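Each chain is listed here by its residues.
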Amino acid sequence: MNVSVVLFTSDLRVHDHPPLRAALDGAREVVPLFVRDRAVADAGFAVPNRLAFLADCLRDLDSGLRERGGRLVVRSGDVVREVCKVAAETDADEVHVAADVSGYARRREERLRHALEAEGVRLHVHDTVVGAVDPGAVSPASSDHFAVFTPYFGHWSRQRLRDPLAAPRTVRVPDGVGSEELPTRDGLSGLSPGLAAGGETAGRARFAAWLRSGIAAYEDRHDDLAGDATSRLSPHLHFGTLSPVELVHRARRAGGPGAEAFVRQLAWRDFHRQVLAARPAAATEDYRAKHDRWRSAPEEVRAWREGRTGYPVVDAAMRQLLHEGWMHNRGRLLVASFLTKTLYVDWRVGARHFLDLLVDGDVANNQLNWQWMAGTGTDTRPNRILNPVTQAKRYDPDGAYVRRWVPELADVAGPAVHEPWKLQGLDRAALDYPDPIVDLAEGRERFLRGRTGTP
């Protein structure tokens, strides 16, 4: 009786899961395995919000497998060592895993391949599990990857996606395979109080609701800060409780400008994955060095982290991050521009803070979006600066988003909430809210001087 092991990583689902389907097609019994990788904790990536969401995902995955007669096997330690141990315990002859793009994931894959080959076990790595279009599927004639999104999107859009796979009806797990207890949220400290629930069941329910009532208006409303009209699916994409291939297919079937705009965002995710696959150092180093002379400004960075900069839309977004472990995409652009260009602080400071809190903290998306806003990445206008007041008036015109997250300003009516320092007399004195920590014009001049090397 042959056995295969399926190593789950960033693909915590039973629907549209090529490694699981391939394992079931090739073996009578399968070990669905998740390894709690100690290297992730050692690198500082095992933060409370993502650990809580992961616990939800693993428990839901186990439930989905049990509905089909199986169960999830959980181990802790070095991934390669634990996979080899499970393969030896069950006399497995194959291991199936999804391909991924980070430098760590690719080194892990190579280590796993060598270790398994030494034991006579085959490793099968499956594409289009974590992304819709894999990094090697499209590339320009003159390079190994696209550095500009628009031409990449043209090629990406012409790719024929594989058909989504149905969830298996039956999963048979060998008897006697030991497993640790499934993790829970219990006992985790430092969680954002508004953190959403994880798991494939929650993800599929959210996507179904989004198709019914959100996607049609997405093109017009995705930048509406107060309207909260984005899909909020990014945590589920990060943990793989939803398949990007399935999302693209179903969005295209829905059709219309909103669906097209949503698919474009999924393509951005794949764009960043192909950049990181080609340039893994971009996770920590400038993709396009500008020789910036970044400032060390600990007090200003602290005010930024706490949402006390004196610019209400920036503070609202940062407080949303603290409360939910998530932030509206327009807010992410604004706070990143503010930190890197108005304060002229190294993008890595902001990227680290985001990774400490974001439930969707993804190395490719997070680091390369930060570089995009800092002007050291793929942005074709690297010196663009987003004015937080202008942006707030455009994307939160009546101030509802600001008042939701900055209650000190709840009684300031209308668009005046975006510039509370302009209030007069007792109206200003009554607010327990700081003055701006930087003048926007001065911040702009400082950034441009630093970027050009002007004394």
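Going along each chain's sequence as written, the residues are numbered from 1 onward. It should be noted that, the model being predicted, local features are given only for residues of pLDDT at least 70 and side-chain atom pairs only at 80 or more, the latter also being counted only at that level, while totals for whole chains, interfaces and linings use all residues. Water and hydrogen atoms were dropped before computing side-chain values, which therefore reflect all heavy atoms in the structure.

Draft legend 1. Spatial organisation of the overall build of the protein chain. Each helix and strand counted, the protein chain has 20 helices and 5 strands in total. Radius of gyration here uses only the C-alpha atoms, and the compact-globule reference equals 2.2 Å multiplied by the residue count raised to the power 0.38. Relative to the compact-globule value of 23 Å for 455 residues, the protein chain shows a C-alpha radius of gyration of 23 Å, a close match. C-alpha atoms of the protein chain, sized along the principal axes, occupy 80 × 45 × 45 Å. Evaluated residue by residue, the protein chain yields a buried proportion of 55% over its 455 residues. The criterion used for residue contact is that any of the two residues' heavy atoms lie within 4.5 Å. Taking as baseline every contact in the protein chain between residues at least 6 positions apart, the subset at least 24 positions apart corresponds to 80%. What sets the accessible areas is the Shrake-Rupley method with a 1.4 Å probe; for residues, cover comes only from the shown protein chains. For the protein chain, the computed accessible surface area is about 19300 Å², with 49% contributed by carbon and sulfur atoms. Residues counted as positive are Lys and Arg, residues counted as negative are Asp and Glu, and His and the chain ends are not counted. A charged residue contributes its charge at one atom only: NZ of Lys, CZ of Arg, CG of Asp or CD of Glu. Computed over 62 positive and 62 negative side-chain charges, the separation of the two mean positions in the protein chain equals 3 Å. Only DSSP runs of H or I covering at least 4 residues are called helices, and only runs of E covering at least 2 are called strands; the numbering of each starts at the N terminus. Only protein chains enter the accessibility calculation, which uses a 1.4 Å probe; a residue whose area is less than 20% of its type maximum is buried, one above 50% is exposed, and one in between is partly exposed.

Draft legend 2. Just the pairing of strand β3 (residues 73-77), in detail. Along β3, 5 of the 5 residues are buried, which leaves the element largely enclosed by surrounding structure. A strand pair is defined by DSSP finding two or more bridges across the two strands. Bridge count for strand β2 (residues 29-37) against β3 is 5 bridges, and the pairing is parallel. Residue pairing for β3: Arg 36 is matched across the bridge by Ser 76.

Draft legend 3. Summary view of the sheet that holds strand β5 (residues 122-126). Pairing is parallel across the open sheet formed by 5 strands, whose spatial order is β3-β2-β1-β4-β5. Of all the strands in the sheet, the pair left with one neighbour each is β3 and β5. Pairwise comparison of adjacent strand axes, ignoring direction, gives a mean angle of 30° for this sheet. As defined by bridge partners, strand β1 (residues 3-8) adjoins strand β4 (residues 94-98) across 4 bridges and the pair is classed as parallel. By the bridge assignment for β4, Val 5 is matched with Val 95. Helix axes use the C-alpha atoms of the stretch in contact, all axes being lines fitted to C-alpha atoms, and the angles between their N-to-C directions lie in the range 0 to 180 degrees. The strands that helix α5 (residues 103-118) touches are β1, β2, β4 and β5; relative to β5, the one it contacts most, it runs at about 155°.

Draft legend 4. Looking closely at the packing of aromatic side chains. Any Phe, Tyr or Trp ring, taking Trp's six-membered ring, that has another such ring centre within 6.5 Å forms a pair; planes under 30 degrees apart are called stacked, those over 60 apart edge-to-face, and the others tilted. Applying the stated criterion across every chain yields a total of 20 aromatic pairs. Their ring planes at 85° and their centres at 5.4 Å tell us that Trp 210 and Tyr 218 sit as a pair that is edge-to-face. One exposure class covers both Trp 210 and Tyr 218, and it is buried. Ring geometry for Trp 268 and Trp 372: centres 6.4 Å apart, planes at 80°, overall edge-to-face. Linking Trp 268 in helix α11 (residues 257-278) with Trp 372 in helix α16 (residues 363-374), this pair joins segments that are 104 residues apart in sequence. Members of the aromatic cluster, joined through ring pairs, are Phe 146, Phe 149, Tyr 152, Phe 153, Trp 156, Trp 268, Phe 271 and Trp 372. The ring of Phe 45 carries the charged tip of Arg 352 above its face, separated from the ring centre by 5.4 Å. Two conditions define a charge located above a ring, namely a distance within 6 Å from the ring centre to NZ of Lys or CZ of Arg, and an angle within 35 degrees of the ring normal.

Draft legend 5. Up close: the pairing of β2. Most of β2 is tucked away: 8 of the 9 residues are buried. Note that β1 and β2 share 6 bridges and pair parallel. In the sheet register, Leu 7 faces β2, and the bridge partner there is Leu 33.

Draft legend 6. Spotlight on the UniProt feature "domain: Photolyase/cryptochrome alpha/beta" (unreviewed entry) in the protein chain. Feature annotation in UniProt places "domain: Photolyase/cryptochrome alpha/beta" (unreviewed entry) on residues 2-131, given in this structure's numbering. Split by type, residues 2-131 is 47% helix and 23% strand. Its first and last C-alpha atoms lie 30 Å apart. UniProt positions are given in the numbering used here, feature names are shortened, and annotations may be inferred rather than shown by experiment.

Draft legend 7. Examining the side chain of Arg 269 more closely. Mapped onto the elements of the fold, Arg 269 is located in helix α11. Lacking a salt bridge, the buried Arg 269 has Asp 270 as its closest oppositely charged neighbour, with an N-O distance of 4.5 Å. By convention in these notes, a salt bridge is any Lys or Arg side-chain nitrogen within 4 Å of a carboxyl oxygen on Asp or Glu.

Draft legend 8. The packing of helix α4 (residues 79-90) against α5, seen in detail. Between α4 and α5, whose axes approach to 9 Å, the crossing angle comes to 35°. The crossing of α4 and α5 is right-handed. Across from Val 79, Val 80, Val 83 and Cys 84 in α4, the residues of α5 making contact are Arg 108, Arg 111, Leu 112, Ala 115 and Leu 116. Along the lines of polarity and charge, the residues of the contact of α4 with α5 split into 7 nonpolar, no polar and 2 charged. In this scheme the handedness of a crossing depends on how the near helix is turned from the far one: anticlockwise by less than a right angle means left-handed, clockwise means right-handed. Under this grouping Gly is polar, as are all residues other than the nonpolar Ala, Val, Leu, Ile, Met, Phe, Trp, Tyr, Cys and Pro and the charged Asp, Glu, Lys and Arg.

Draft legend 9. Spatial organisation of helix α13 (residues 312-324). Take the residue count of a helix, subtract one, and multiply by 1.5 Å to get its expected span. In this model α13 runs 18 Å from its N-terminal to its C-terminal C-alpha over 13 residues, within 8% of the 18 Å that 1.5 Å per residue would give. Of all 13 residues in α13, 11 are buried, a share of seventy percent or more. On the buried face of α13, the contacting elements are α12 (298-306), α14 (329-342), α15 (347-357), α17 (388-395) and α18 (400-405).

Draft legend 10. Examining the nonpolar core more closely. What is meant by a nonpolar core is a set of buried Ala, Val, Leu, Ile, Met, Phe, Trp, Tyr and Cys residues, joined one to another through side-chain atoms within 4.5 Å. Residues Trp 304, Val 314, Val 335, Phe 354, Trp 370 and Leu 409 are the most contacted members of the largest nonpolar core, which totals 47 residues. When contributions to this core are tallied by element, the ones reaching two or more residues are α12, α13, α14, α15, α16, α17 and α18. Ignoring any residue separated from it by four or fewer positions in sequence, one finds Trp 370 in contact with Trp 304, Val 335, Ala 336, Leu 339, Thr 340, Trp 347, Gly 350, Ala 351 and Phe 354.

Draft legend 11. Summary view of the environment of Ala 209. For Ala 209, the position within the fold is in helix α7 (residues 200-213). Separated by 22 residues in the primary sequence, Ala 209 and Ser 231 have C-alpha atoms spaced 9.4 Å apart.

Draft legend 12. Geometry of empty space enclosed by the protein. A cavity here means a set of points on a 1 Å grid, drawn over the protein atoms and nothing else, where a 1.4 Å probe fits but cannot get out; a pocket is an open set with protein on both sides within 12 Å along at least five of seven lines, and a residue lines either one if it has an atom within 4 Å of a point. Grid points are joined across faces, edges and corners, and a volume is the space filled by probe spheres set on the points. Scanning the entire structure with this criterion turns up 1 cavity of 30 Å³ or more. Put simply, the largest cavity is a space of about 80 Å³. Around the largest cavity sit Leu 7, Val 97, Ala 98, Asp 100, Ala 105, Arg 106, Arg 108, Glu 109 and Leu 112, which together line it. The set of elements that each furnish at least two residues to the lining of the largest cavity consists of β4 and α5. The dominant element in the lining of the largest cavity, judged by the number of residues it contributes, is α5, at 5 residues. Of the residues in the lining of the largest cavity, the class split is 5 nonpolar, no polar and 4 charged.

Draft legend 13. Seen up close, the packing of α14 against α16. Between α14 and α16, the least distance of the axes is 9 Å, while the angle of their chain directions is 60°. Classified by the angle their axes make, α14 and α16 are oblique. Considering how the two elements wind past one another, α14 and α16 form a crossing that is right-handed. Residues Leu 333, Val 335, Ala 336, Ser 337, Leu 339, Thr 340 and Lys 341 of α14 lie in contact with α16, whose contacting residues are Trp 370, Met 373 and Ala 374. Residue classes in the contact of α14 with α16 are distributed as 7 nonpolar, 2 polar and 1 charged. Angles are sorted into four bins: roughly parallel if under 35 degrees, roughly antiparallel if over 145, roughly perpendicular if 65 to 115, and oblique for all others.

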